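Structural overview for review
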Amino acid sequence: MATSSTSTEQLDLRPSYLAATGVAAVVFLLYLVTLSPSTAMWDTSEYITAAYTLGMPHPPGNPLFVLIGRVFSILPIAKTIAVRINILAAICSAVSAGMWFLITERVLVSWFSDRRLRIVGGTLAALIGGTAFTVWNQSVVNEKVYTVSLLGIALISWLMIRWCDEPEGRKADRTLVLVAYLCGLGYANHMAGMLAAPAVGLAVLLVRWQTALRWRLLVACAGALVLGCTPFAIQPIRAAHFPGLNEGEPTACRNGLKFDCTFSKGTYDAFMYNFNRGQYGKPVLSERQAPLSAQVGMWWLYFKWQWLRDAHGDHVFGQSLLAALFLVLGLLGGYVHFQRDRRSFWYFGSLMFTMTLVLIYYLNFKYGASQDPELSGVAREVRDRDYFYLWSFSAWGVWAALGLVAVWDSLASLIAREPVPGQKNSEQPTRQAMLYSSPLLLLAFIPVFTNWTTASRAGQTDTADFARDLLNSVEPYGVLVTVGDNDTFPLWYAQEVEHVRQDVVVANTSLLNTDWYTRQLIRRPVYTYDAAAGPAAYRTGTWKKPSGSPLHMTLDQADSVPAYIQLDRPMTFQGGPIKATIDPQRLSIPGVLQRADIFVLRMIADSYGDRPIYLSRTSAGYGQELGIGSYLLTQGLATKVFIPPAAPTGDTLMVPGAGWIDLKRTKVLWDSVFTAQKSLATRHDWVDRPSVGIPYLYVATGLMLSEVLQATGDTAGAKRVMGQARQVAISVKLDDLLSQLELSTPAAPQENPLLTPKGDTQRKKTVPAKP
C-alpha cells in the first residue's frame, strides 16, 4: 500500500484515540461478562484484603496498588468489595489494549494511507493481546498487581512511540520526564514498573543520542523517577497503625506511630528488609535454580497456554499448532516493524527482548509446577508462574497483528493489484482484493473461542465459600493452624472484608517463621463471636470470650524465639493434658524443630482449655510431625486438638487410617453449613491444577463421611453424601481420583490418601532464615 509520512505532525490523532477508546470499551465489556463475582485462589484474597484495609501485602508491599485499590473498594460501582477491585483489573487491561491499538495503528502509518485499514490492524492487536489466556484470566479477577503494571508499561510504550516520532523540542523533553515519573510510579506498584526503562534508554541512545548528554534533563528525569517512588513512604506510617493485614511490618514502632521510632535506624532496616524482599532469601542470579534452557522452556509452555489452555493434555497437537502459528505471526510482525518503522522498533523491540529473555534470566525460576511432569526429583515452583510473563503475552498482540496484516496484504496482492497513485513503478492490492482476503483475519479470533471457558471466572464463588466453610469448621474463639497460601489468604478475605468469623485466630505456619507475624498474633484484638451469624450448630453452647492472645508472651519474648532448634533425639511436649513425643525424623526437615512448630506447640500449651485449637486438614500430616496425631478429632474441614475417649462412642468414632472423627458435627457441617461443595459442583473444570487440593479436600471429606455413615447404618445419608462428593470430583476433573479412592484399602495415617496435601498446602521444607 502507499506509504505516508511518519511525522505525527501530519496526523490527526483524534480519530485514532476515538477508535482506541471504542476497542478498549469492547474489551472491557468482554472482561465484565466473564468477571469473577468474588475472590479466587492464590493471592487474590490477600490483595483484595490489603486494598480494602489499606494494609500491607507480602513484601515489598505494592503501595501504589493498595492506594488505588482502596479507592476502588469504596467506589459505588458494584455491590461487593471484591467485584469493585476486580473491575480495577478489567479497566487496567482494557485500557492497555487501547494502548496496543494505538501503537499498532501508528506503526501502520508508514504502510497504509487508508486509516480504516490501520484501525483494523490496531483492533487485531487489542483482540489478540487482550484474549491471550493469562491476560484474560488475570483481567477478570484481581489476583495480584500485574494488570496495573501492564497499564503502566503500555502507557509508557505509547508515549515512547510518540517520542520516537518527535525526539526534539520541549514536548519531547516533557514526554521523557513523564515517562521517568511513570517508571517510578510503576515501581511503587511492582518492580515490573521498571521493565520499560532499558528500552527507553536504548531508544533514546539510538534515536537521538544527544539527549543523553543534557544533564538538566537527566536531573529532571531522575527527580521525576524518585517522585514516582514516593508511595513507599506511606508504608512505615501505615504499618505503625497495625492494620489487619500488615505483612513485613516495616516499622520499628511497637506501640503505635511515634516520631522517634518512625525516624530511626530500626525502621530504616525493617523497611529495607521488606523493600528488598529479604524474608524470601532468593539466591543470586549466578546460582541458577534451574537450567536456563528449562527456564526458557517454562516461558514456551506458558506461551502455548495463551492460545489454547489445555490443562489436561487433551489437545496437545492443536495447542502446539496454534502456538507455532502465533509465534510465527509475532516474529514476522517484528520483522515488518523493523522494516517499516525502525525508529519505534528500537523501543518496542528492546521492550519485547526485556520482557522475554531478560526477564526469564532475571526471575531465575525453578521448574514450573506443570512443566515436564515426567521429571522427578527436580525443585519446582509451588504454582505456575505464567502471570510474570503477562506483559510479554499482551504486547505480543502488537507483533502478531502486524504479522497477520502482512500476510493479509501479501495474499490480497496475489488476487489483484493496482498502481499506487502518485508513485511510479509501485503497486498495491485493490480494495476489493483486501476484502476478499479478509477472512484470513478471523485467525485473531481464535483465542476468544479457545480460551472462553478456561479464562472466564464468571459465577465462581467457591473460594469464598471454602473460606467460610473452613472458618465455620472451628468452634467459637478457636485457633486455626494453616500451612499455605490457599488455606490462609481466603480466610483473611472472609474475616477482614466480609467480616465472617473474626473470632477465629488464623495462624499460618509459613509466616510463623517470621518475627513480624508472631507480633501481629499477639497484638490481634479478641473479636466477639457473632452467634446470630454463626452456624446453628454452635448456638446451643456457651462460649467464653478469651481475655487475650493465644500466645501468652510479650513482644520481646516472641522476638527472642530462635529460628529453629536442632533435635538429635525425641523430645517430650507437655501442654496441659496433651502429652506428645516429637520424633526428629518425622519433622518436615528431619532433626529441625522450626520456629513455627515452637509457636504452634506454645499455643497449645498456653491456650488449651481457654480456646479450641484446630489444625486445618490441608495441613495433612502436620499433627503427626508434632506427635499429636492421636489427639486430633476431625470436624468438617479441620481437626481439633482433644483428649480422646477411652473407647469410641456413638458420635466420636475411630476411622482406620484417618483417626478420630466427630460424626455428628461433620455431618451437620456438611449438610447445613458448607456451601462450597455446591458451588464446586457447578464448575466445568479446575484449570489451575496446583491448587486442586482445595476441591480435593471436599471430595476426600465427602468420601470419608460417606464411609462412616455407611458403617453406622445410614445408607441413605451415605449415598447422598457420596453423590455430592462425586459431583465435585467430576466438575473439577478429579473423577479418576475418586474411583481410585473408592477402590483403595485403608492406609497408614501418614500415607492415607484422604490426608495427602496437594498444591501449595504442603509444608515448606526449608530452614527459616533468622528473623
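**Focus: the overall build of the protein**
Regarding its fold elements, the protein presents 31 helices and 13 strands. In terms of overall size, the protein behaves like a compact globule, its C-alpha atoms giving a radius of gyration of 29 Å where 771 residues would be expected to give roughly 28 Å. Across its three principal directions, the C-alpha atoms of the protein cover 100 × 65 × 50 Å. Across the 771 residues that make up the protein, the buried fraction comes to 58%. Counting contacts in the protein only where the partners sit at least 6 residues apart, residues at least 24 apart contribute 75% of the total. With an accessible surface of roughly 31,000 Å², the protein has 61% of that area assigned to carbon and sulfur atoms. Seen as two clouds, the 67 positive and the 58 negative side-chain charges of the protein have centres 5 Å apart.

**Thoughts on the confidence of the model for the protein**
Looking at the protein as a whole, the pLDDT averages 91, with 94% of positions reaching at least 70. Counted against residues more than four places away or in other chains, residues 744-759, with its pLDDT under 50, gives 37 contacts. Throughout residues 765-771 the model reports pLDDT below 50, and contacts reaching past four residues in sequence, or to other chains, amount to 17 contacts.

**Some thoughts on the environment of Val483**
Looking at the element boundaries, Val483 is found in the loop between β3 (479-482) and α21 (489-496). For the pair formed by Val483 and Val692, sequence separation is 209 residues and the distance between their alpha carbons is 15 Å.

**Description of a nonpolar patch on the surface**
Together, Leu285, Leu292, Val296, Phe353, Leu357, Val358, Tyr361 and Tyr362 line one region of the surface with nonpolar side chains, adding up to about 690 Å² of accessible area. When residues of the nonpolar patch are traced back to their parent elements, those giving at least two are α14 (292-305) and α16 (342-363). Residue contributions to the nonpolar patch peak at five residues, all from α16. Secondary-structure assignment places Val296 in helix α14.

**Regarding the pairing of strand β4 (residues 505-508)**
Burial along β4 is two-sided: Val505 and Ala507 and Val506 and Asn508, pointing in opposite directions, are all buried. For β3 and β4, the ladder comprises four bridges, and the chain directions are parallel. Each bridged residue has a counterpart across the sheet, and for Val481 the counterpart in β4 is Ala507. Running through α21, the crossover from β3 to the neighbouring parallel element β4 is right-handed.

**Some remarks on the sheet that holds strand β12 (residues 652-655)**
If you trace the seven strands from one edge of the open sheet to the other, you get β4-β3-β9-β11-β10-β13-β12, paired in mixed fashion. Pairing within the sheet leaves two strands with one partner each, and these edge strands are β4 and β12. Strand-to-strand twist of the sheet, defined as the mean angle between neighbouring strand axes without regard to direction, takes the value 30°. Here strand β9 (residues 613-616) pairs with strand β11 (residues 638-641) via three bridges, running antiparallel. Counted as the bridge partner of Leu615 is Thr639 from β11. Contacts from helix α27 (residues 663-673) reach β9, β10 (632-635), β12 and β13 (659-662) within the one sheet, and its direction differs from that of β13 by about 55°.

**Structural notes on the packing of aromatic side chains**
Inspection of the entire model under this criterion finds 37 aromatic pairs. An angle of 70° between the planes, with centres 5.6 Å apart, marks the rings of Tyr47 and Phe65 as edge-to-face. Remark: Phe65 occurs in helix α3 (residues 63-74) and Tyr47 occurs in helix α2 (residues 44-53); sequence separation between them is 18 residues. Accessibility expressed as a relative area gives 2% for Tyr47, which makes it buried. Take Phe65: its relative accessible area is 0%, and that puts it in the buried class. Between the aromatic rings of Phe338 and Trp346, the centroid separation amounts to 6.0 Å while the plane-to-plane angle is 85°, which identifies the pairing as edge-to-face. Its relative accessible area of 29% is what places Trp346 among the partly exposed residues. The ring of Tyr361 is capped by Arg288, whose NZ or CZ atom sits 4.1 Å from the centre of that ring. One cation-aromatic arrangement involves Arg309 over Trp305; the distance from NZ or CZ to the ring centre is 3.5 Å.

**Looking at the state of the cysteines**
Cysteine pairs can be linked by a disulfide, which is a covalent bond between their two sulfur atoms. Under the defined criterion, the tally for this structure stands at one disulfide. For the unlinked cysteine Cys229, the closest cysteine sulfur is that of Cys183, found at 9.4 Å. Using a relative accessible area of 22% as the deciding quantity, one classes Cys229 as partly exposed.

**Looking at the environment of Val26**
Locating Val26 in the fold gives a position in helix α1 (residues 14-33). Among the residues examined, Val26 registers a relative accessible area of 58% and is labelled exposed. A sequence separation of 197 residues divides Val26 from Gly223, and the C-alpha atoms of the two residues are 38 Å apart.

**A look at the side chain of Ser157**
Along the polypeptide, Ser157 turns up in helix α7 (residues 146-165). A polar side-chain atom of Ser157 sits 2.8 Å from a polar atom in the side chain of Tyr347. Residue contacts for Ser157: discarding those within four places in its chain leaves Trp100, Ile103, Tyr347 and Leu351.

**Brief notes about the packing of α2 against α3**
Across the interface, α2 lies against α3 with an axial gap of 7 Å and an inter-helix angle of 75°. Here α2 is positioned roughly perpendicular relative to α3, judged by the angle of their axes. Contacts between α2 and α3 involve Tyr47, Ala50, Ala51 and Tyr52 from the former and Phe65, Val66, Gly69, Arg70 and Ser73 from the latter.

**Examining the nonpolar core**
In this structure, Ile156, Met160, Trp307, Tyr347, Phe348, Tyr389 and Trp391 are the most contacted members of the largest nonpolar core, which totals 109 residues. Residue contributions to this core peak at 15 residues, all from helix α17 (residues 390-415). Filtering out sequence-adjacent residues up to four positions away, Phe348 remains in contact with Trp100, Ile103, His337, Ala395, Val398 and Trp399. Formed by 106 residues, the second largest nonpolar core is a distinct cluster that contains Met553, Ile661, Leu663 and Val708.

**What to know about helix α13 (residues 265-275)**
Those residues of α13 that sit buried are Thr267, Ala270, Phe271, Asn274 and Phe275. In an axial view of α13, the angular spread of the buried residues amounts to 130°, which keeps them on one side of the axis. For α13, the exposed residues lying more than 90 degrees away from the buried face are Lys265 and Tyr268. Turning to α13, the residues buried within the fold contact α8 (170-189), α11 (234-239) and α12 (259-262). At the exit of α13 stands Arg277, carrying a positive phi of roughly 55°.

**Topic: the environment of Arg569**
You can see Arg569 is positioned in the loop between β5 (564-566) and β6 (571-575). Residue Arg569 is classed as exposed on the basis of its relative accessible area, which comes to 58%. Sequence separation of Arg569 and Val420 is 149 residues, and the distance between their C-alpha atoms is 88 Å. Reaching out from Arg569, the side chain makes a polar contact with the side chain of Asp568 at a distance of 3.3 Å.

**Side note on the pattern of salt bridges**
Pairing is possible between side chains that carry opposite charge, provided their charged atoms lie close to one another. Tallying each qualifying case throughout the model produces 29 salt bridges. Across the salt bridge formed by Arg115 and Glu105, the nearest N and O atoms sit 3.7 Å from each other. With Arg115 in helix α5 (residues 115-131) and Glu105 in helix α4 (residues 81-107), this pair connects stretches of sequence that are 10 residues apart. Relative accessible area serves as the criterion here: at 3%, Glu105 is assigned to the buried category. The residue Glu427 makes a salt bridge to Arg417 at a minimum N-O spacing of 3.7 Å. Of this pair, Glu427 sits in strand β2 (residues 427-429) while Arg417 sits in strand β1 (residues 417-419); the two residues are 10 residues apart in sequence, bridging distant segments of the chain. Salt bridges sharing partners connect three or more residues here, namely Glu249, Arg254, Asp515, Arg519, Arg523 and Asp559.

Analysis parameters
- Residues numbered from 1 in each chain as written.
- Predicted model: local features only at pLDDT ≥ 70, side-chain atom pairs only at ≥ 80, totals over all residues.
- Heavy atoms only, no water.
- Helix = DSSP H or I, 4+ residues; strand = E, 2+ residues; numbered from the N terminus.
- Rg over C-alpha atoms; globule rule 2.2 N^0.38 Å.
- Buried < 20%, exposed > 50% of the residue type's maximum accessible area, 1.4 Å probe, protein only.
- Contact = heavy atoms within 4.5 Å.
- Areas by Shrake-Rupley, 256 points an atom, 1.4 Å probe, with all protein chains shown as cover.
- Lys, Arg positive; Asp, Glu negative; His and termini not counted.
- Charge placed at Lys NZ, Arg CZ, Asp CG, Glu CD.
- pLDDT = per-residue confidence, 0-100.
- Patch = residues over 30% accessible without salt bridge, like charges linked within 9 Å, V, L, I, M, F, W, Y side chains within 5 Å.
- Salt bridge = Lys/Arg side-chain N within 4 Å of Asp/Glu carboxyl O.
- Pairing = 2+ DSSP bridges.
- Right-handed = clockwise from strand over helix to strand, strands pointing away.
- Axes fitted to C-alpha atoms, helices over the stretch in contact; angles between N-to-C directions.
- Phe/Tyr/Trp six-rings, centres within 6.5 Å; stacked < 30°, edge-to-face > 60°.
- Lys NZ or Arg CZ within 6 Å of the ring centre and 35° of its normal.
- Disulfide = S-S within 2.5 Å.
- Polar contact = N/O pair within 3.5 Å; in protein donor to acceptor, adjacent residues only side chain to side chain.
- Parallel < 35°, antiparallel > 145°, perpendicular 65-115°, else oblique.
- Core = buried A, V, L, I, M, F, W, Y, C linked by side-chain atoms within 4.5 Å.
- Arc of directions from axis to C-beta.

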